[in-house]
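Next come the chains, spelled out residue by residue.
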Amino acid sequence: EANGHNPSPEWHTFKRRTRSLDCRRGKRPPPPSKLRLQVDVLRESPPVYIVHDFATEKECEHMMNLTIPHMERSVVYGGSGPGASSNYRQSYSVNMYPDYDDESHEITRMVRRKFAFAREVAEYEELIEGEGQEPLNSVYYKDDGDQYRPHCDGECHGSQYTLGSRVASSLAYCAVADRGGYT
């Protein structure tokens, strides 16, 4: 058991050193420094990774200070109409939009790091950040029993991938709830 996770027999650490992460797609500047991450592979197919220390304490504090005052009950889109509440999503949330023209913007750096990681591990060279992509969504499990239940993001039910659709979902935990807060 490592960091509260029960490894399966297939659990191993992901190491790739053949090339560095690069965010210069579309003539964008590279990240400020090379990214070295410890990545545990929980499952190969579909891929599930634990990325240690992906966000710094300073980044987490910034995101929480930015978002918590603006949180509202989480809603879902599709199914019962846009902005509908759902038993599958019981939490508070707000979107965070990167400013792609400002490389010093904390949210921009986080988004670029997420896309660079997804490009690296999935080898999707054409995967670029920018207009048309979903914003980061900050979620707050405020009330006891708040949770995200199992659901499908992106192409579901064996559908073929279409260009521009979601290829990956990521979760970054900045703080662990004492009670509730299940994803």
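Calculation criteria
Residue indices follow the written sequence of each chain, beginning from 1 at its first position. Only residues with pLDDT of at least 70 get local features here, since the model is predicted, and only at 80 or more are side-chain atom pairs given and counted; chain-wide, interface and lining totals rely on the full set of residues. Neither water nor hydrogens contribute to the side-chain values; these are computed over all heavy atoms in the structure. In this analysis, a patch consists of residues with relative accessible area above 30% that form no salt bridge, clustered at 9 Å for like charges and at 5 Å for the nonpolar side chains Val, Leu, Ile, Met, Phe, Trp and Tyr. Computed by Shrake-Rupley with a 1.4 Å probe, the accessible areas treat only the displayed protein chains as cover when residues are assessed. For this analysis, a salt bridge means a side-chain nitrogen from Lys or Arg found within 4 Å of a carboxyl oxygen belonging to Asp or Glu. Strands here mean DSSP runs of E at least two residues long; helices mean DSSP runs of H or I at least four residues long; both are numbered from the N terminus. Nonpolar core, defined: a set of buried Ala, Val, Leu, Ile, Met, Phe, Trp, Tyr and Cys residues in which side-chain atoms within 4.5 Å join the residues together. Relative accessibility thresholds used throughout: buried, under 20% of the residue-type maximum; exposed, over 50%; partly exposed, between the two (1.4 Å probe, protein chains only). Only heavy atoms enter the contact rule, under which two residues are in contact if any of them lie within 4.5 Å.

Colleague: Which residues make up a nonpolar patch on the surface, and what values go with them?
Modeller: Where nonpolar side chains cluster on the molecular surface, the patch consists of Met64, Ile68 and Tyr140 and spans about 220 Å² of accessible area. Its place among the elements puts Tyr140 in strand E7 (residues 136–140).

Colleague: Could you give me a rundown of unusual backbone geometry, with the residues and numbers involved?
Modeller: A negative phi angle is the norm for most residues apart from glycine, just as the trans form is the norm for most peptide bonds. Even without being a glycine, Asp53 presents a positive backbone phi close to 55 degrees. The topology assignment puts Asp53 in the loop between strand E3 (48–52) and helix H1 (57–67).

Colleague: Kindly report on the nonpolar core, identifying the contributing residues and their values.
Modeller: Counting 14 residues, the largest nonpolar core has Met63, Met96, Ile107, Met110, Val111, Phe117 and Leu136 as the members making the most contacts within it. Not counting chain neighbours up to four residues away, the residues in contact with Leu136 comprise Val94, Asn95, Met96, Ile107, Met110, Val111 and Lys114.

Colleague: So what's going on with the pattern of salt bridges? Residues and values would help.
Modeller: Under the defined criterion, the tally for this structure stands at 5 salt bridges. The closest approach of N and O atoms between Arg113 and Glu59, which form a salt bridge, is 2.5 Å. With Arg113 in helix H2 (residues 106–122) and Glu59 in helix H1, this pair connects stretches of sequence that are 54 residues apart. Taken as a pair, Arg113 and Glu59 share a single burial class, namely buried. One salt-bridge network, in which partners are shared between bridges, spans Arg73, Asp143 and Asp146.

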